[in-house]
Amino acid sequence: MSKGQNMVFSIIDGAPIWVWPVLAFLVWAGLRATRARTVPTWPIYVMPAVGFLSVNAVAGLPSTSGQWPLFVLVYLLGAMLGYRYQRPKILQKQGGTVHLAGEWLTFTVLMVVFWMNFASGVAQAIAPEVYASATFTRAFIAIAGLASGSFCGRALCTWRAAPNSDASASLQS
């Protein structure tokens, strides 16, 4: 076995056991989002809590100048992009449910959030000098802010969608 393969197996073996069921759930949820579906609105409204997880992750990073203004800026950018992207995906909102078009962004964002946090843990364990670098910190903050902000924008767009109608048309006005 090569040194690289040994390192990969060490990383996988060193991850907490709970990580793998979480990954399986996120893959399942992301793949489900690729198909048109009718879902309750409450999970969409709860997803911005991912932002709170990102705040916790950013707070755990080594301090760099401007990290919180950067996080707020990219979070707001992510919210704006999430809102704009979600508009055509909301096909109909009725009562406590919403009919959504299938799309791959949800899968992508869920994987980005998972692997970003996984990579952060790996970097902290095996390359603390990389983890402590301003470049790593800023990249982590930018990715975390965009991803978690996108869930906030999607929730806001869903909330604003007119009920009992073609929701995407009502948001266009």
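You'll find the structure just up there.
Residues numbered from 1 in each chain as written. Predicted model: local features only at pLDDT ≥ 70, side-chain atom pairs only at ≥ 80, totals over all residues. Heavy atoms only, no water.

### Examining the overall build of the chain
Argument step 1. From N to C terminus, the chain includes 9 helices and 3 strands.
Argument step 2. In the chain, the succession of α and β elements from N to C terminus is α-α-β-α-α-α-β-β-α-α-α-α.
Argument step 3. A fraction of 80% describes how many contacts in the chain between residues 6 or more apart in sequence connect residues 24 or more apart.
Argument step 4. Seen as two clouds, the 11 positive and the 4 negative side-chain charges of the chain have centres 11 Å apart. (Helix = DSSP H or I, 4+ residues; strand = E, 2+ residues; numbered from the N terminus. Contact = heavy atoms within 4.5 Å. Lys, Arg positive; Asp, Glu negative; His and termini not counted. Charge placed at Lys NZ, Arg CZ, Asp CG, Glu CD.)

### Regarding the layout of surface pockets
Argument step 1. Volume-wise, the largest pocket comes out at about 1,200 Å³.
Argument step 2. What lines the largest pocket is a set of 40 residues, among which F25, L26, M47, V50 and L110 lie closest to the centre.
Argument step 3. Counting residues per element, the ones that place at least two in the lining of the largest pocket are α1 (3–14), α2 (19–32), β1 (37–40), α3 (41–46), α4 (49–59), α6 (105–126) and α8 (134–160).
Argument step 4. The biggest single contributor to the lining of the largest pocket is α6, with 10 residues.
Argument step 5. Taken together, the residues of the lining of the largest pocket break down into 29 nonpolar, 7 polar and 4 charged.
Argument step 6. Of the voids in this model, the second largest pocket is the one considered here, and its volume is about 160 Å³.
Argument step 7. Within the residue set of the lining of the second largest pocket, elements represented by two or more residues are α5 (67–86), α6 and α8.
Argument step 8. Among the residues forming the lining of the second largest pocket, the class breakdown is 8 nonpolar, 4 polar and no charged. (1 Å grid on protein atoms, 1.4 Å probe; cavity = no way out; pocket = protein on both sides within 12 Å on 5 of 7 lines; lining within 4 Å. Points joined across faces, edges and corners; volume = space filled by probe spheres on them. Nonpolar A, V, L, I, M, F, W, Y, C, P; charged D, E, K, R; others polar.)

### Re the pattern of salt bridges
Argument step 1. Evaluation of the coordinates by the stated rule reveals 2 salt bridges.
Argument step 2. Of the charged contacts, one joins R37 and E103 as a salt bridge, the two residues approaching to 3.9 Å between their closest N and O atoms. In this pair, R37 is assigned in strand β1 and E103 in the loop between β3 (97–100) and α6, connecting sequence segments 66 residues apart. The burial state of R37 is the same as that of E103; both residues are buried.
Argument step 3. Two residues, R154 and E103, come together in a salt bridge whose shortest N-O distance is 2.9 Å. Taken together, the residues span a long stretch of sequence, with R154 in helix α8 and E103 in the loop between β3 and α6 at a distance of 51 residues.
Argument step 4. Assessed through its relative accessible area of 4%, E103 is described here as buried.
Argument step 5. Among the charged side chains, a salt-bridge network with shared partners connects R37, E103 and R154. (Salt bridge = Lys/Arg side-chain N within 4 Å of Asp/Glu carboxyl O. Buried < 20%, exposed > 50% of the residue type's maximum accessible area, 1.4 Å probe, protein only.)

### Considerations on α2
Argument step 1. Over its 14 residues, α2 runs 20 Å from end to end, which matches the ideal 20 Å to within 8%, given 1.5 Å per residue.
Argument step 2. Summarising the contacts, the buried residues of α2 are in contact with α6. (Expected span 1.5 Å × (residues − 1).)

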